[in-house]
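# Working through the structure, step by step
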Amino acid sequence: LRLTHSACHLLRKPRHTRPSASSSWNLFDRTVSARMSAPASSAKVFQPLCSSKLSFTTQRISKRIASKGFNTATPSTALQSTRYVGLLANRKEGLGSVPFSPQHTTCVSGLNGSRRTLESKAKRWMSAAVAAGGEKKKMNLVQAINSALYLALETDPKAIIFGEDVGFGGVFRATVDLQERFGKHRVFNTPLCEQGIAGFGIGVAAEGGTAIAEIQFADYIYPAIDQICNEAAKYRFRSGGQFNVGGLTIRAPCGAVGHGGLYHSQSPEAYFTHTPGLVVVCPRSPAQAKGLLLASIRRNDPVVFFEPKSLYRSATEEVPVGDFELPLDKAEVMEEGSDVTVIGYGAQLKVLEKACARARAELGVKPELVDLRTLLPWDSETVFASVRKTGRCIVSHEAPITCGFGAEVVASIQQNCFLHLEAPVTRVCGLDTPFPLSHEKIYLPDVTRCFDAIAHVTSF
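Now for a look at the structure at hand. All figures in this text were calculated on a predicted structure; none of them were measured in a lab. (Residues numbered from 1 in each chain as written. Predicted model: local features only at pLDDT ≥ 70, side-chain atom pairs only at ≥ 80, totals over all residues. Heavy atoms only, no water.)

A word on the overall build of the protein. Helix and strand counts for the protein stand at 20 helices and 14 strands. Split into buried and exposed, the 460 residues of the protein put 56% on the buried side. By sequence separation, contacts in the protein at least 24 residues apart represent 80% of the contacts at least 6 residues apart. Surface summary for the protein: the accessible area is close to 19,500 Å², and the carbon and sulfur share equals 55%. (Helix = DSSP H or I, 4+ residues; strand = E, 2+ residues; numbered from the N terminus. Buried < 20%, exposed > 50% of the residue type's maximum accessible area, 1.4 Å probe, protein only. Contact = heavy atoms within 4.5 Å. Areas by Shrake-Rupley, 256 points an atom, 1.4 Å probe, with all protein chains shown as cover.)

What follows is the structure in structure tokens.
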């Protein structure tokens, strides 16, 4: 009741006295969700606290969701109202002058003050409802990325996309047709200067815009490390919370592709996971890529989003056509098991899936496969729970083994799950050499190496 009253009060305040538009909308989203999902017995309690304009907007949202084919009678579907609230507000059909900025979530004093408190479990339920229901279409990973970028531009008038050659679609065609649809002022090319691309994105985000930058290959991101790690990651901290560049997202194709050699095959994620203030994400499939990218763009933190380029056209699946987000702080248990926990992220999950299937068939063991999805912050709770259940663990990634992200995962498991372990935690990773062209198959942690590691730890 107090939350409902606070939301109505904030939305009635003049613009210059409200803490922020996004804060008001976060409260409003939760209020509408509670209003639409409340049992009939509580309707009389909520009704007096809702202004007539609030109730009117709720009705408009219900009609809009129904027109999209969702059942507004279920609480989980009602949670999808958050996105349509924004569309109504931007078109001045709902709350008129109140702007909608889902990508700039801020704090409201007196309500525990944290972004995670405001973005409650309701958003996760909403995402699950949208992903499960509605129209789906078969897409490969690059098409899913393109779909996410289209939705980001369509729902946020402050969003822009920039990078080397993105105007004509980029070398991987991830931004194809976006300039034609949204104009050259919102999708445009930059000079060949990664440091400049990152610096420009920081400036846009610092002024309240949504900057979606593309680094053509992750191998080229090193000149931009100073801007990303020394400026973007520290912007909020060094200003004491007065300023931030949370609207910045940097996309970078990464990993082996079969013929990339030294400068088109690297996996530099560990360089950035060592930097507090950043969020680092690496999806494994088209649906994951779309949901995680939309969540990254709308998160109030600078995000480095690594896209496994080997999956751009080789990975296809049914992907929701509509707007949805996946949580950035939650790992996913892809396959449940009882004998060994197998952990990975990005393109390596395809290898691990095959290794686990072979282990089931040839060894009779039941591996539990876990996708980290987000590397910073990573979901240690899910990992620890799985390792305590199985007593054995393997961590695998393409990047070199020494100081790779797997080292952090292994160290944390040893510290927190030591008394539950039945065997040493094992890493199966790339080798400590520059990425080789002619010996790529030897360098990569393939199905055979991962299968051998499963056999070793389960027989220890």
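Now that the structure has been shown, the text picks up again.
Time to look at the sheet that holds strand 14 (residues 426–430). Spatially, 9-11-10-13-14 is the arrangement adopted by the 5 strands of the open sheet, whose pairing is mixed. Edge positions in the open sheet fall to strand 9 (332–335) and strand 14, since each of these has one partner strand only. Taken over all neighbouring pairs, the strand axes of this sheet differ in orientation by 25° on average, direction set aside. Of the strand pairs in this sheet, strand 10 (residues 340–344) and strand 13 (residues 393–400) are connected by 3 bridges, and their pairing is parallel. Pairing of Val342 across the sheet is with Ile394, part of strand 13. Contacts from helix 18 (residues 405–417) reach strand 10, strand 13 and strand 14, with the element oriented near 160° to strand 13. (Pairing = 2+ DSSP bridges. Axes fitted to C-alpha atoms, helices over the stretch in contact; angles between N-to-C directions.)

Next up on the list: the nonpolar core. With 67 residues, the main nonpolar core has Ile228, Phe272, Phe306, Ile343, Leu372, Ile413 and Ile454 as its most contacted residues. With 6 residues, helix 16 (residues 348–363) is the single largest residue contributor to this core. Apart from residues no more than four positions distant in its own chain, Phe306 is found in contact with Ala218, Ala252, Cys254, Pro268, Glu269, Phe272, Val280, Val281, Cys282 and Pro283. Within the second largest apolar cluster, 35 residues are counted, among which are Val142, Ala152, Ala159 and Leu292. (Core = buried A, V, L, I, M, F, W, Y, C linked by side-chain atoms within 4.5 Å.)

Look at the link from Leu376 to Pro377: it is a cis peptide, with omega at -5°. Of note, Arg373 is a non-glycine position whose phi angle comes to about 65°, a positive value. The residue Arg373 is located in the loop between strand 11 (367–371) and strand 12 (374–376) in this model. A relative accessible area of 6% places Arg373 in the buried class. Its identity as a non-glycine residue notwithstanding, Cys403 has a phi of 60°, on the positive side. Among the secondary structure elements, Cys403 is positioned in the loop between strand 13 and helix 18. Note on Cys403: relative accessible area 65%, which makes it exposed.

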